[in-house]
Amino acid sequence: MHTSLEVGVRVTISPSESSTTTPGAGAGTLLRRAWLVWSVAAACYFVALFHRASLAVAADAALARFGAGPAALSVLSALQLGIYLALQIPAGVLADRIGPRRVITVATLALAAGSAVFAISASLVGGLAGRALIGLGDAFLFTNVLRLAAHWFPADRFGRVAALTGLVGGVGQLAATAPLATSLRVLGWLGTFLGAAALTAMLAVLAWAAVRDRPENSGHGGAGERPSTSPEAEPVRAALRGVVGTSGTWHSFWVHFVMMGQFVAVTVLWGPPWLMRAQGYGAAAAGNWVLLCVAGFLVGAWLCGQFVAGRALRRERFVLALSVLLVAVWATVIGWSGVIPAALLAVLLVLIGFGGGAAMLAFDGARAANAVHRSGLAVGTANMGGFTAAVLIQLAVGGVLRLTEGLPADPSYRLAYVPVLLLVVLGMFGQARQSRRVWRDSRG
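Every value quoted in this text rests on a predicted model; they were computed, and no experiment measured them.

Basis of the calculations
Residues numbered from 1 in each chain as written. Predicted model: local features only at pLDDT ≥ 70, side-chain atom pairs only at ≥ 80, totals over all residues. Heavy atoms only, no water. Helix = DSSP H or I, 4+ residues; strand = E, 2+ residues; numbered from the N terminus. Buried < 20%, exposed > 50% of the residue type's maximum accessible area, 1.4 Å probe, protein only. Areas by Shrake-Rupley, 256 points an atom, 1.4 Å probe, with all protein chains shown as cover. Salt bridge = Lys/Arg side-chain N within 4 Å of Asp/Glu carboxyl O. 1 Å grid on protein atoms, 1.4 Å probe; cavity = no way out; pocket = protein on both sides within 12 Å on 5 of 7 lines; lining within 4 Å. Points joined across faces, edges and corners; volume = space filled by probe spheres on them. Nonpolar A, V, L, I, M, F, W, Y, C, P; charged D, E, K, R; others polar. Patch = residues over 30% accessible without salt bridge, like charges linked within 9 Å, V, L, I, M, F, W, Y side chains within 5 Å. Core = buried A, V, L, I, M, F, W, Y, C linked by side-chain atoms within 4.5 Å. Contact = heavy atoms within 4.5 Å. Polar contact = N/O pair within 3.5 Å; in protein donor to acceptor, adjacent residues only side chain to side chain. Expected span 1.5 Å × (residues − 1). Phe/Tyr/Trp six-rings, centres within 6.5 Å; stacked < 30°, edge-to-face > 60°.

A. Structural detail: the overall build of the protein. What the protein contains, in helices and strands, is 18 helices and two strands. Buried residues in the protein amount to 58% of all 444 residues. Working note: accessible area of the protein is about 16,300 Å², and carbon and sulfur atoms make up 67% of it.

B. Geometry of the pattern of salt bridges. Counting across every chain of the model gives four salt bridges. Between Arg 147 and Asp 96 there is a salt bridge; the shortest N-O distance is 2.6 Å. Of this pair, Arg 147 sits in helix H7 (residues 141-152) while Asp 96 sits in helix H4 (residues 88-97), placing them 51 residues apart in sequence. Of the two residues examined, Arg 147 and Asp 96, each falls in the buried class. Across the pair Arg 315 and Asp 364 runs a salt bridge, and its minimum N-O distance is 2.8 Å. Of this pair, Arg 315 sits in helix H13 (residues 312-335) while Asp 364 sits in helix H15 (residues 361-369), placing them 49 residues apart in sequence. Accessibility classification places Arg 315 together with Asp 364 in one group, the buried group.

C. Examining the layout of surface pockets more closely. Taken as a whole, the largest pocket holds about 300 Å³ of empty space. Taken together, 17 residues make up the lining of the largest pocket; nearest its centre are Val 57, Ala 181, Arg 185, Ala 283 and Ala 284. At the level of elements, helix H1 (27-57), helix H2 (59-66), helix H9 (178-210), helix H11 (247-277) and helix H12 (283-307) are the ones that each hand at least two residues to the lining of the largest pocket. Here the lining of the largest pocket is built from residues that sort into twelve nonpolar, three polar and two charged.

D. Local environment of a nonpolar patch on the surface. There is a patch of nonpolar side chains on the surface, built from Ile 120, Leu 190 and Leu 194 and spanning about 270 Å² of accessible area. The topology assignment puts Leu 194 in helix H9. The exposure class of Leu 194 is partly exposed, given its relative accessible area of 35%.

E. Representation of the nonpolar core within the structure. Ranked by internal contacts, the top residues of the largest apolar core, which has 136 residues, are Trp 38, Phe 153, Trp 274, Trp 330 and Tyr 417. A per-element tally of this core places H1 first, with 17 residues. If we ignore the near neighbours within four places in the chain, the residues touching Tyr 417 are Trp 270, Gly 271, Trp 274, Trp 330, Val 333, Ile 334 and Val 397.

F. Structural view of the side chain of Thr 267. With respect to the element layout, Thr 267 can be found in helix H11. For Thr 267, a relative accessible area of 3% puts it in the buried group. A distance of 3.0 Å separates a polar side-chain atom of Thr 267 from the backbone oxygen of Phe 263. Contact partners of Thr 267, with chain neighbours within four places excluded, come to Ala 53, Ala 56, Gln 173, Val 290, Cys 293 and Val 294.

G. Representation of H13 in the model. Look at H13: 35 Å from first C-alpha to last across 24 residues, which is about the 34 Å you get at 1.5 Å a residue. Within H13, burial applies to Arg 315, Glu 316, Val 319, Leu 322, Ser 323, Leu 326, Val 327, Val 329, Trp 330, Val 333 and Ile 334.

H. Representation of the packing of aromatic side chains within the structure. For the structure on display, the rule yields 21 aromatic pairs. Between Trp 330 and Tyr 417, the ring centres sit 5.3 Å apart and the planes meet at 80°, which makes this aromatic pair edge-to-face. Remark: Tyr 417 occurs in the loop between helix H17 (409-416) and helix H18 (418-442) and Trp 330 occurs in helix H13; sequence separation between them is 87 residues. An aromatic cluster of three or more residues is present, and its members are Phe 66, Phe 118, Trp 189 and Phe 193.

The following block contains the structure:
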């Protein structure tokens, strides 16, 4: 029996896979329940991505409101992403130990509080506090949504559900581009961010009411799957050693490092300022260019979920080839003097976004390489990759821009993007090294 989503993702549950349902419950009932639970949790992830990406479009307004320069703005973004990064292992542990429902609810409330603080603050300190709360809430959502997927869906469909979750997040980022710019223009700073806080708080209440950690009587594994051991029976240190001692985990870490780090560099903070100051676009046009990048993310997540996820050899070759292509993309951005032609700029931004969407493959690999009861911890560890790169990029780009303040905008930003290229190259070599280890381990 199967059901199809409009985006083209299909999940099939066989009779054996539905054997964990409560007596008398059919596979269709379980499937509908699974999609309902996932949909509410994914909506929380949607608003997390909106809040995460909102600073990029609101960058100029934030500079004026807080009386800060580009370097201080990079600290705002790096603090938010740094908190996100630091909490990935705790997020994975809590997902596996206390269950996603509680974590998702509290994390969504933290997002609402952060947006409210950011809305009413008129100083950089208040802005930092608001972004810190947003980073705190954001940190716990993606891992816990995927932990729900591990509980509710068969293991062979996990990669597609992860890709679909990425699609939802990409739509959240779309909401933080032109729609957010319009809201800032119409409702102003206070109305926009307080309104976002109120809607986020309502979603937290819905999450508590609708989300359940796992199907009833299903144990601790995904639908139709028994875990190798109970998560409560395994010490955290042992689980962490098992995850970090797996080559597949580190391969996934480097995949996410390359794909997500460079995408975040453009969409979370530095894309709009670069487009306005170095490429000569107005605020609205810059927002549309970032929207195109996010559209590339959506396409990448969808195509990878359909044609790459769940196929280990194809996934490994695909991500390495895409990493080489991203090296070429960033070399072009840095090497092109002056305004980049619109057609070429469109291709570059779509490829950057496509790479961000392909980062969802890291979670497919991490889940496949680890036992199901460690899936939250495995996803959290892989997720650290992209946000390690993102924090390094935010700080490095802001630092270089500060050092090159006397230069025209074009060469200043081209120099500032050199760290992005270097980190993509580093991640590409990290993938290649771990890929050899994965195949060596698989041959025993």
